[in-house]
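Residues per chain, in single letters:
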Amino acid sequence: MPRLLTGNRLETGDVLWWAGSDWSLHIRDAVAVDDDGEALIARLAPQERINDLVLIDVDPTPDGWRPRSTRERVRAVGPSVRPDFALPSLPVDAI
Amino acid sequence: MYRYDEYDQAVVDARVAEFRDQVERRLKNEISEEAFKPLRLMNGLYLQLHAYMLRVAIPYGTVDSRQMRMLAHIARRYDRGYGHFTTRQNIQYNWMKLEEMPDLLADLASVEMHAFQTSGNCIRNISSDQFAAAAADEIADPRPYAELLRQWSTLHPEFSFLPRKFKIAVTGSTIDRAAIKLHDIGLELVQNEAGEIGLKVLVGGGMGRTPMLGHVIREYLPVADYLSYMEAILRVYNRHGRRDNIYKARIKILVNDLGPAEFARQVEEEWALVKPLGLDPPPSELARIAAHFAPPVLDANAPVEIDLSNPDFANWVAVNTHPHKAPGYTIVTISLKAPGEIPGDASADQMDIIADLAQRYAGDEIRVTHAQNLVLPHVRRADLFDLWQVLVSAGLATANLDRASDIISCPGLDYCTLANARSIPIAQKLAVKLAPQEADLGELKIKVSGCINGCGHHHAGHIGILGVDRKGEENYQLLLGGSGAEDATLAKILGPGFDENGIVTAVEKVIDRYKTLRADPAERFLDTYRRVGAEPFKEAVYG
Ligand code: HEM
Ligand code: SF4
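What counts, and where the lines are drawn
Residues numbered from 1 in each chain as written. Chains lettered and ligands numbered in written order. Predicted model: local features only at pLDDT ≥ 70, side-chain atom pairs only at ≥ 80, totals over all residues. Heavy atoms only, no water. Pairing = 2+ DSSP bridges. Helix = DSSP H or I, 4+ residues; strand = E, 2+ residues; numbered from the N terminus. Contact = heavy atoms within 4.5 Å. Axes fitted to C-alpha atoms, helices over the stretch in contact; angles between N-to-C directions. Salt bridge = Lys/Arg side-chain N within 4 Å of Asp/Glu carboxyl O. Buried < 20%, exposed > 50% of the residue type's maximum accessible area, 1.4 Å probe, protein only. Near = heavy atom within 4 Å. Polar contact = N/O pair within 3.5 Å; in protein donor to acceptor, adjacent residues only side chain to side chain. Nonpolar A, V, L, I, M, F, W, Y, C, P; charged D, E, K, R; others polar. Buried area = accessible area lost by both parts, 1.4 Å probe.

Caption draft 1: Representation of the sheet that holds strand β12 (residues 329-334) of chain B in the model. All names here are of chain B. Taking strand neighbours across the sheet as the criterion, the 5 strands line up as β3-β14-β15-β12-β11 in an open arrangement whose pairing is antiparallel. Pairing within the sheet leaves two strands with one partner each, and these edge strands are β3 (62-63) and β11 (321-323). Pairing geometry for β11 and β12, over 3 bridges, is antiparallel. Across the sheet, His 322 pairs through a bridge with Ile 331, a residue of β12. Here helix α11 (residues 348-361) sits on the sheet in contact with β12, β14 (366-368) and β15 (374-380), set at roughly 25 degrees to β15.

Here it is as structure tokens:
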């Protein structure tokens, strides 16, 4: 099952997705890390710039990555009760 | 309103400067996140699902218009134009940036506010009755006693690292609007035979994973002595509370394990040691604090009779106002629960409007209620119509206080890292469905939490809803029969849980059954449930 690396930016708290060589605000830019995930965390965590680094399970869909857990779908899109703040990452009703 | 003296202000200003330095060092990587996290939490800053979240303390739920305007300014300048009023009478902002925190906290300090002790294992913001100093049913204003507790507990070195968080509520009325039986310590102002004011002391209440009702350990404590008695309670707890197990660390577990009588005995023993140390303030100090809370000068000739010919206005007056001590005055509750909206959320513009109204019509005071509404405590009945018209135009005139659509909801999985399920959408759906029939249903308190921590008071709901995780899916348990008022009881789970649509239907079935069971139209849901028990409702939902 594909896995993505995610965390929150220290300065702003923004939700970030690992996009291969840098971070993106949008899950649609994310690159699956699969077996390299732990090694990436081991490399990035000591830099102390991204909080709460974690690997999450996703399914590929025609619209892009779909996190398996509701929690991560909410993180990817924004609060389901404020569609006006939704990121253009997944449709709000995908939560 | 209490005004900071030089000591209060110096403490808060020093804290802002200290945190500014800590944030700078963190941003420069001079301190690790591991070292920094406890420091930011001590300043009320959590990392939530989408961003940082800041919880600002509102002591005993009271602010003036200047402070409310600052809360609006913060929503606008540092957040996305809104804030969330919570069941602990505080406000939370959901879209905070760490790099902006020092300036934000300096803004807050300029109006005598801060965010410390809104997280961590310390004595948290002291909560109180939102109708304090105004309610016709009150013995005395509880807030001077809460304020002294605030001063005593602020940065109290001995109680900054307790076994677990500690919540105190104070009320001055036998009608309990502060949920004192569901706090670590609940205090109720009472009078002895000589008419002197003292405090009834309850300990060991709380919600969360192991909900319990508090026990009375003292029927009457002279106010002159209460601070040293509080110190004694905290010392016994600090010494014997279960630091080994986070789930057993609250004082309720200790009180339950020892038994209330033994706990009380240990407190008395400790008190005998603490009392001679001279901690209790002289009466003049309590009087100095109390003077800050003097109610505004009220118009003795304020008319009682008002024109109620507009039916919408008359309905709002009937539902959202409460008897005031003074004839010609009333207490207004501004509902933050328009059906379909997010319970407890207010926009910056709404906060500004409410600040203006408070200044113009309510003695410059606003209260936050534990049901996530706002209160204007001292309003001339003759001003009600003008006030109501402003509320209507601001979308704040929903007439639903304590009714089915006045639902308490925690942030749940839309914002909270600890959540198992979303709570706000459930509250929204229920409010929209139930609003059309709520006048017929009368008092009905529905409370929704997104996990077992119970921030949405589901155990104290006439109808409580608890979000759980069922194999990765959001699932909801239904609880019935709770109350957080003077007739406090803990709600009980009715049966197996439901999905998002199922829980809404289940609540509707419970309500339909209640309508066939109630003895007369005035019998509340809670009273019907207490009379007939859970069985008929089980049958209605699962049968
Ligand atoms: C950052 C979001 C929040 C976190 C991490 C959080 C965490 C917790 C935890 C862990 C407990 C359980 C404490 C225990 O059982 O020992 C709890 C209880 C509680 N929280 Fe929250 N909470 C949050 C938001 C809120 C909000 C928004 C409110 C008000 C709407 C609130 C009010 C309460 C209340 C009233 C209780 C139960 C009373 C008690 O402590 O027994 N919390 N919270
Ligand atoms: S009850 Fe759970 S989900 Fe709701 S705010 Fe508290 S910790 Fe978060």
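Caption draft 2: Broad picture of the pattern of salt bridges. By the definition in use, this model includes 54 salt bridges over all chains. The shortest N-O distance in the salt bridge between Asp59(A) and Arg68(A) comes to 2.7 Å. For Asp59(A), a relative accessible area of 26% gives the class partly exposed. Residue Arg68(A) is classed as partly exposed on the basis of its relative accessible area of 44%. Through salt bridges with shared partners, a single network forms among Glu443(B), Asp487(B), Arg524(B), Asp527(B) and Arg530(B).

Caption draft 3: Broad picture of the site of ligand 1. Residue and element names in this part refer to chain B. In the neighbourhood of ligand 1, 21 residues make up the surrounding shell, with Thr 87, Lys 167, Met 207, Arg 250 and Cys 455 lying closest. In the environment of ligand 1, a nitrogen atom lies 3.3 Å from a nitrogen or oxygen atom belonging to the side chain of Lys 165. Lys 167 has a polar side-chain atom sitting 2.8 Å from an oxygen atom of ligand 1. Looking at side-chain class alone, the shell around ligand 1 contains 6 nonpolar, 9 polar and 6 charged residues.

Caption draft 4: Structural context of the interface of chain B and chain A. Of the residues lining the interface, 29 residues belong to chain B; the matching set on chain A comes to 24 residues. Taking both partners together, chain B and chain A bury about 2300 Å²; carbon and sulfur atoms supply 54% of that area. Three residues stand out in chain B for area buried against chain A, namely Leu47(B), Leu49(B) and His50(B), and they jointly supply 23% of the buried area on that side. Counting across the chain B and chain A interface gives 1 salt bridge. Salt-bridge contacts for Glu48(A) lead to Arg26(B); the nearest nitrogen and oxygen are separated by 3.2 Å. Secondary structure elements with two or more residues in the side of chain B that touches chain A: α1 (6-27), β5 (91-96) and α13 (424-434) of chain B. Element by element, the count of residues in the side of chain B that touches chain A is highest for α13(B), at 3 residues.

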